[in-house]
Number of protein chains: 2
Amino acid sequence: MPDHFQLLKTDTGTAARRGRLRTLHGVIETPIFMPVGTQGTVKSLTPAHLREIGAQVILGNTYHLNLRPSSELIAELGGLHKFMGWDGPILTDSGGFQVFSLAKLRDIREDGVAFSSHLDGAKLFLGPKEVMAIQRNLGSDIAMVIDECPPWPCERDACAQAVARSYRWAKQCRELAVESGFLGAGHHVFAIVQGSTFDDLRREAAESLAALDFPGYAVGGVSVGEPEPEMLKQVAATTPFMPADKPRYAMGLGTPPQLLKMIALGVDMFDCVLPSRVARNGLVFTPDGPINLKNEKHRNDPGPIVEGLDNYTCRNFSRAYLRHLIAAGEMLAATLCTIHNLHFYLDLMAQARAHLEAGDFATWHRAWVERYEIGAAARVA
Amino acid sequence: MPDHFQLLKTDTGTAARRGRLRTLHGVIETPIFMPVGTQGTVKSLTPAHLREIGAQVILGNTYHLNLRPSSELIAELGGLHKFMGWDGPILTDSGGFQVFSLAKLRDIREDGVAFSSHLDGAKLFLGPKEVMAIQRNLGSDIAMVIDECPPWPCERDACAQAVARSYRWAKQCRELAVESGFLGAGHHVFAIVQGSTFDDLRREAAESLAALDFPGYAVGGVSVGEPEPEMLKQVAATTPFMPADKPRYAMGLGTPPQLLKMIALGVDMFDCVLPSRVARNGLVFTPDGPINLKNEKHRNDPGPIVEGLDNYTCRNFSRAYLRHLIAAGEMLAATLCTIHNLHFYLDLMAQARAHLEAGDFATWHRAWVERYEIGAAARVA
C-alpha cells in the first residue's frame with residue numbers, strides 16, 4: 001500500500017503532526033488514541049458504543065487471544081474483525097510485551113521466547129515466525145513485530161543486546177510479511193524502537209529500523225515503570241530519528257497530559273489501558289483532572305461528569321447516579337464510566353487535530369495541560 | 001385517569017386479552033413483560049439498550065432503592081425516571097415481598113413490618129404509609145400496595161390472616177394515594193391478591209379488593225417455591241374473579257412457556273429476574289428451549305443464538321464469540337446475553353399480541369409451548 005500515510009501538516013511551534021493513515025478497514029486520522037480490546041472486547045463496551053464515542057481503531061492483544069480462544073479458531077470464524085463485530089481498523093501487538101511482563105519461565109533464544117501461559121502453565125513459544133502467523137490469522141490491519149523489551153532500569157550491555165536482537169527479529173518479521181503476501185495485501189507491519197534510557201542506542205535502533213522501510217514505527221520500552229520525565233525524555237530521544245513520512249506510535253501510554261506532550265514530540269498514535277481500567281474503579285477524567293466518583297461529595301450531585309461533553313454518559317446521567325451504581329456494585333457503572341473515559345481521550349485527540357489544523361496547537365496544548373495539572377494538584381491537596 | 005385501560009380484544013379460545021394501559025410516561029401494549037431494574041438499572045444494560053429491544057415498561061424495587069441510595073435522594077434528584085435516565089413507564093413493587101424474603105428479624109404489626117436491612121442490619125419499618133411515601137418519592141407510574149405474602153406451603157389460618165391484613169393494608173394504601181393526590185395526578189396503584197393455594201381465599205381476596213376499585217390488580221404469592229402446576233392452578237383460581245376491565249399482573253414470573261400459559265389464563269403483565277439473571281450465567285433462550293453457551297459444542301459455532309432474531313446480539317455475534325467472552329470472564333458477555341434474553345421475552349409478548357389480534361392465539365401458543373418444551377427436554381436428556 002504505497003502512500004498509506006499522508007503527513008497533512010507539521011506544527012511550527014512543536015514537532016506535532018496531523019496525519020492520515022489508510023488501512024484495509026478504513027482511514028485513521030492522527031493524532032489518535034486506540035482503545036484497548038485485550039481479549040477481543042474493549043471491556044464492558046459493545047462495538048456500537050465504540051462507534052458512538054468516535055473510536056477509529058482499536059487494539060487487540062496477540063498474547064491473550066492466542067492463548068484463548070486461539071488464533072486458529074478466530075481464523076476459522078473469519079478473523080478478529082468478524083469475531084468481535086468490529087469492522088474498523090485493528091492494531092494487534094505482537095505478544096512480546098506480555099511474554100516479558102505476564103508469562104513465567106521465559107527462555108530467550110535466537111528464534112524467539114519460550115514461556116509458560118499465565119492461564120494454565122502450558123509451555124509456549126513466540127518468535128518472529130509465530131507472531132506473524134498469529135497476526136495473519138487474526139487479520140490485523142496493523143501488526144507489530146516481536147521485540148525484546150528491556151526492563152527499567154537496565155544495564156547498557158543488556159539493552160544493547162536487546163536492541164540488536166529486536167532488530168534481527170524485526171527484519172525477520174518483515175521478510176515473513178513479504179513472503180506470506182501479508183504486506184502486499186495491504187496489511188501494515190510496524191517496527192518497534194527500543195533502547196531504554198540510552199539515547200545513542202535509541203537513535204541507532206530508530207535509524208537501523210528506518211532503513212528496513214516499515215509502514216510505521218513505534219516507541220517501545222516506555223511505560224515499564226519509569227517516571228514521567230524519563231518517559232518523555234526517551235520519547236524525545238527517539239522521534240527525531242524515526243522517518244517523518246511514517247506514522248509513529250508510542251506504546252502503552254499514557255495520561256491525558258502525557259498524550260498531548262507526546263504529540264508535541266511528534267507521536268501520532270497511542271494506546272493505553274489506563275482510561276478503561278480506572279473507569280472500572282470509578283475514576284473519571286475531566287478537563288480539571290481526574291475525579292473519583294466514589295467520593296461522598298458526589299452523593300447528591302445532579303451534574304454530569306463533564307458539563308456539555310457530548311457522550312452518552314454525560315448527556316444522560318448525573319454524578320449522583322453513577323456513584324449509586326458504583327456503591328451498589330452494578331456493572332452498568334463500568335460501562336458508563338468507560339464510555340466517558342474513552343470518549344474523553346478520543347475527544348482530546350479530536351481537539352488536538354483541530355488545533356493542529358488551526359495552527360494554534362502549541363499554545364492550546366500548554367493551556368490544556370496547565371489547567372488539568374492545576375486541577376489535579378488542587379484535588380489531591 | 002379514567003379509562004386508563006382499554007380491553008381491545010378478548011380471545012375466544014382462551015381467557016387471553018389484548019389491552020392497552022396508559023400511564024404518565026406512555027402507553028403499554030399488553031400482554032407485556034417488564035424487565036426488572038432492581039437497583040435503578042436493568043443489570044448490565046443502558047436505557048438505550050432497553051429502548052432498542054422494545055422495552056415498554058420496567059420495574060424498580062422499592063425495598064432496594066429505599067435502602068440505597070434512599071427515596072429522598074432520588075426525589076431530590078428529580079425522581080427515578082430522571083435518576084436512571086429512563087423516560088418510559090416504571091412500575092415499582094412495594095418492598096413487601098423483599099421484606100418477607102430478604103430482610104431479617106421481621107415483626108409484623110398492624111401498621112406494617114419492622115425488619116433489619118440485609119445490607120447493614122439497620123432497623124427499618126415499612127407499612128402502607130411508608131411504601132406510598134417512598135413510591136411517591138420515586139415518581140412511580142404504577143405503585144403497588146404493601147401486602148403480606150404467605151410462604152408456600154402455608155396453613156389455611158395463617159393464610160386467611162395474611163389475606164385479611166393485606167386487604168386492610170391495600171385499603172389504607174389506596175386512601176393515602178387519594179389523599180396525597182397521587183391517584184388524582186394520574187399515577188396508578190395496583191392491589192395484590194393473595195390466598196396461597198386456597199381457592200376460596202383467593203376468590204374472596206380478589207372480590208373484596210375489586211370492590212375498592214384499584215386501577216389494576218396483581219396475583220401475588222406465586223413464585224415462592226411452588227411447582228409449576230401449583231403456580232398455574234393459583235393463577236387460574238384468581239384471574240376469573242379479578243375485574244375484567246382492569247390490567248392483571250402476575251408478580252415475579254416466569255419461564256417463556258409459563259408466560260404464554262398465564263396469558264391464556266387472562267394475565268396481562270409480567271416481571272421476572274429469570275431472563276436477566278440466567279443471562280449473566282451464559283444461559284440463553286431459543287424457541288427450542290434454553291441453551292448453555294458455556295457448553296463445549298458452541299466453541300466454534302459461527303451461528304447466532306437464534307437465527308434471524310432481530311436484536312443486537314443475534315445480528316452481530318456468534319455463539320463461539322459469546323462463549324469466548326464467558327470463558328474469559330468479560331462483562332460484555334453479560335450485556336450481550338441479557339440483551340438477547342430480554343429481547344426474546346419482549347419479542348414473545350409482541351408475537352402473543354399479534355396472534356391475539358389475528359385471532360389464532362390458542363393454537364399458536366400451544367404449538368409454541370410444545371416446541372419449546374420438546375426442545376428443552378431433548379437437551380436435558
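Whatever comes next refers back to the structure up there.
Structural notes, computed from the coordinates. Bear in mind that the values here come from a model prediction, so they are computed numbers and not experimental data.

**Here's the deal with the relation of the copies chain B and chain A**
Consideration 1: Its rotation angle being 180 degrees, the transformation that places chain B on chain A also includes 0.0 Å of axial translation and leaves an RMSD of 0.0 Å. The superposition of one copy onto the other is thereby described by a two-fold rotation axis. Judged by C-alpha distance, Met331 of chain B is the residue of chain B that lies nearest the rotation axis, at 3.8 Å.
Consideration 2: In this assembly, 100% of the residues forming the interface of chain B have copies in chain A that are likewise at the interface, indicating an isologous arrangement.

**Describing the pattern of salt bridges**
It is possible for side chains of opposite charge to pair when their charged atoms get near one another.
Consideration 1: Counted under the stated rule, the structure contains 46 salt bridges over all chains.
Consideration 2: Salt-bridge contacts for Asp288 of chain B lead to Arg371 of chain B; the nearest nitrogen and oxygen are separated by 2.8 Å. Of the two residues, Asp288 of chain B is situated in the loop between β16 (283-284) and β17 (291-292) and Arg371 of chain B in helix α15 (residues 361-380); the sequence distance between them amounts to 83 residues.
Consideration 3: A relative accessible area of 27% places Asp288 of chain B in the partly exposed class.
Consideration 4: Three or more residues joined by partner-sharing salt bridges are found here, namely Arg18, Arg20, Glu29 and Glu357 of chain A.

**Considering the interface of chain B and chain A**
Consideration 1: Residue-level contacts link 39 residues of chain B with 39 residues of chain A.
Consideration 2: Across the chain B to chain A interface the summed buried area is about 3100 Å²; carbon plus sulfur atoms make up 62%.
Consideration 3: Of all residues in chain B, His324, Glu330 and Met331 of chain B bury the most surface against chain A, accounting for 19% of the area lost on that side.
Consideration 4: Where chain B touches chain A, the interface holds 2 salt bridges.
Consideration 5: The salt bridge partner of Lys43 of chain A is Glu330 of chain B, with a shortest N-O separation of 2.5 Å.
Consideration 6: Between the two partners, chain B and chain A, sit 16 residue pairs in polar contact (both at pLDDT 80 or more).
Consideration 7: Elements with a contribution of two residues or more to the side of chain B that touches chain A: α1 (47-52), α3 (71-76), α4 (80-84), α12 (312-316), α13 (319-327) and α14 (331-358) of chain B.
Consideration 8: Taken together, the residues of the side of chain B that touches chain A break down into 21 nonpolar, 11 polar and 7 charged.

**Regarding the sheet that holds strand β10 (residues 123-126) of chain A**
All names here are of chain A.
Consideration 1: The antiparallel open sheet is built from 3 strands, whose spatial order is β8-β9-β10. Each edge of the open sheet carries a strand with a single partner, namely β8 (104-109) and β10. Each strand of the sheet is rotated relative to its neighbour by a mean of 20 degrees, with strand direction disregarded.
Consideration 2: In terms of strand pairing, strand β9 (residues 112-116) meets β10 through 4 bridges, oriented antiparallel. Counted as the bridge partner of Ala114 is Phe125 from β10.

**So, the layout of surface pockets**
Consideration 1: Computed from the structure, the largest pocket encloses a volume of approximately 900 Å³.
Consideration 2: Every residue lining the largest pocket is counted, 42 residues in all, and those nearest its centre are Phe97, Gln98, Gly252, Asp271 and Val273 of chain B.
Consideration 3: Looking at the lining of the largest pocket, its residues break down into 15 nonpolar, 19 polar and 8 charged.
Consideration 4: Asn61, Phe97, Gln98, Asp271 and Val273 of chain A are the residues nearest the centre of the second largest pocket, which is lined by 33 residues in total.
Consideration 5: Of all the secondary-structure elements, those providing two or more residues to the lining of the second largest pocket are α5 (96-101) and α11 (274-279) of chain A.
Consideration 6: Take the lining of the second largest pocket: its biggest share by element is 4 residues, from α5 of chain A.

**Brief notes about empty space enclosed by the protein**
It is the rolling of a water-molecule-sized probe over the atoms that shows where space remains empty.
Residues and elements named next belong to chain A.
Consideration 1: Taken as a whole, this structure holds 1 cavity of 30 Å³ or more when the rule is applied.
Consideration 2: In this structure, the largest cavity spans a volume of roughly 40 Å³.
Consideration 3: As for the largest cavity, its lining consists of Val163, Ser166, Tyr167, Ile192, Val193, Gln194, Ala205, Ser208 and Leu209.
Consideration 4: Of all the secondary structure elements, the ones that give two or more residues to the lining of the largest cavity are α7 (156-179), β12 (188-193) and α8 (199-210).
Consideration 5: Taken together, the residues that form the lining of the largest cavity break down as 6 nonpolar, 3 polar and no charged.

**Regarding helix α8 (residues 199-210) of chain B**
Consideration 1: Between its first and last C-alpha atoms α8 of chain B spans 16 Å; for 12 residues at 1.5 Å apiece the expected length is 16 Å, and the two agree.
Consideration 2: On its buried side, α8 of chain B packs onto α7 (156-179), β12 (188-193), β13 (216-219) and α9 (228-236) of chain B.

**Quick look at the sheet that holds β13 of chain B**
Residue and element names in this part refer to chain B.
Consideration 1: Spatial ordering of the open sheet is given by β4-β15-β14-β13-β12-β11-β7-β6-β5, a layout of 9 strands whose pairing is parallel. Each of the sheet's edge strands pairs with one partner strand only, and the pair in question is β4 (32-34) and β5 (36-37).
Consideration 2: Taken together, the 4 bridges between β12 and β13 define a ladder with parallel strand orientation. In the sheet register, Phe190 faces β13, and the bridge partner there is Gly216.
Consideration 3: The strands touched by helix α6 (residues 128-138) are β7 (90-92), β11 (142-144) and β12; relative to β11, the strand with the most contacts, the crossing angle is about 160 degrees.
Consideration 4: Against the sheet, α8 touches β12 and β13, its axis set at about 155 degrees to β12.

**With respect to the packing of α9 of chain B against helix α10 (residues 256-264) of chain B**
Residues and elements named next belong to chain B.
Consideration 1: Two numbers describe how α9 lies on α10: the axes approach to 10 Å, and their chain directions differ by 25 degrees. Taken together, α9 and α10 sit at an angle that is classed as roughly parallel. Here α9 runs over α10; the crossing is right-handed. Each of Glu228, Met231, Leu232 and Val235 in α9 lies in contact with α10, whose residues at this interface are Gln258, Lys261 and Met262.
Consideration 2: Taken together, the residues of the contact of α9 with α10 break down into 4 nonpolar, 1 polar and 2 charged.

Reading the values: the criteria
- Residues numbered from 1 in each chain as written.
- Chains lettered and ligands numbered in written order.
- Predicted model: local features only at pLDDT ≥ 70, side-chain atom pairs only at ≥ 80, totals over all residues.
- Heavy atoms only, no water.
- Least-squares fit on C-alpha atoms with pLDDT ≥ 70 in both.
- Contact = heavy atoms within 4.5 Å.
- Salt bridge = Lys/Arg side-chain N within 4 Å of Asp/Glu carboxyl O.
- Helix = DSSP H or I, 4+ residues; strand = E, 2+ residues; numbered from the N terminus.
- Buried < 20%, exposed > 50% of the residue type's maximum accessible area, 1.4 Å probe, protein only.
- Buried area = accessible area lost by both parts, 1.4 Å probe.
- Polar contact = N/O pair within 3.5 Å; in protein donor to acceptor, adjacent residues only side chain to side chain.
- Nonpolar A, V, L, I, M, F, W, Y, C, P; charged D, E, K, R; others polar.
- Pairing = 2+ DSSP bridges.
- Axes fitted to C-alpha atoms, helices over the stretch in contact; angles between N-to-C directions.
- 1 Å grid on protein atoms, 1.4 Å probe; cavity = no way out; pocket = protein on both sides within 12 Å on 5 of 7 lines; lining within 4 Å.
- Points joined across faces, edges and corners; volume = space filled by probe spheres on them.
- Expected span 1.5 Å × (residues − 1).
- Parallel < 35°, antiparallel > 145°, perpendicular 65-115°, else oblique.
- Left-handed = near helix turned anticlockwise from the far one by under 90°.

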